[in-house]
Amino acid sequence: MSEAVKDAPPKSRIDYEAFEKTPRFLELKRTRNKFVVPMAIFFFVWYIAYVLAAAYLHDFMATPVFGSINIGLLLGLGQFVTTFAITMTYVTFANRKIDPRTEELRLELERMEQR
């Protein structure tokens, strides 16, 4: 089999590049990005702040809270809690806002393919 035939895209009746520019598809991307981008920035800043505090604020991070539990340990565990909370929030958001629109677009593409 020649390289040109092997690398040829599968034949389809749908112009996917044009579909990606449709208002409904672009709105879906905007909706997703309105959640994902701010949440990613928030988590990145929170993570970097924790790392910098651990590297440069030794006395603050070593401040005892109760027993041998200190602020550094609590903030480190907070990283895990934050990750879990962001994940659960995104799943809820996707189930309510993203998935129904995605399903509509998928069905539209299937109808276009069957024509």
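Rules used throughout
Residues numbered from 1 in each chain as written. Predicted model: local features only at pLDDT ≥ 70, side-chain atom pairs only at ≥ 80, totals over all residues. Heavy atoms only, no water. Axes fitted to C-alpha atoms, helices over the stretch in contact; angles between N-to-C directions. Helix = DSSP H or I, 4+ residues; strand = E, 2+ residues; numbered from the N terminus. Parallel < 35°, antiparallel > 145°, perpendicular 65-115°, else oblique. Nonpolar A, V, L, I, M, F, W, Y, C, P; charged D, E, K, R; others polar. Salt bridge = Lys/Arg side-chain N within 4 Å of Asp/Glu carboxyl O. Buried < 20%, exposed > 50% of the residue type's maximum accessible area, 1.4 Å probe, protein only. Expected span 1.5 Å × (residues − 1). Bend = angle between axes of the 7 residues up to and from the residue. Contact = heavy atoms within 4.5 Å.

## So, the packing of helix α3 (residues 23-56) against helix α5 (residues 71-114)
Orientation of α3 relative to α5, taken along the N-to-C sense of each, is 175 degrees, at an axis distance of 11 Å. By the criterion of interaxial angle, the relationship of α3 to α5 is roughly antiparallel. Of the residues belonging to the contact of α3 with α5, the class tally is 16 nonpolar, nine polar and seven charged.

## As for the pattern of salt bridges
In this structure the tally under the stated criterion is five salt bridges. With a shortest N-O distance of 3.4 Å, Arg24 and Glu104 are connected by a salt bridge. One end of the pair, Arg24, is in helix α3; the other, Glu104, is in helix α5, and 80 residues separate them in sequence. Assessed through its relative accessible area of 42%, Arg24 is described here as partly exposed. Salt bridges here are not isolated pairs; linked through shared partners, they connect Arg24, Glu104 and Glu108.

## Topic: α3
Taking 1.5 Å per residue, 34 residues should reach 50 Å; α3 reaches 48 Å between its end C-alpha atoms and fits that length. The sharpest bend along α3 reaches about 30 degrees and sits at Asn33. Restricting attention to buried positions, one finds in α3 the residues Leu28, Thr31, Phe35, Trp46 and Ala53. Tucked inside the fold, the buried residues of α3 contact α4 (58-61) and α5.

## Considering the side chain of Gln79
Among the secondary structure elements, Gln79 is positioned in helix α5. Sequence-distant contacts of Gln79, defined by excluding residues within four places in its chain, comprise Phe43, Trp46, Tyr47 and Tyr50.

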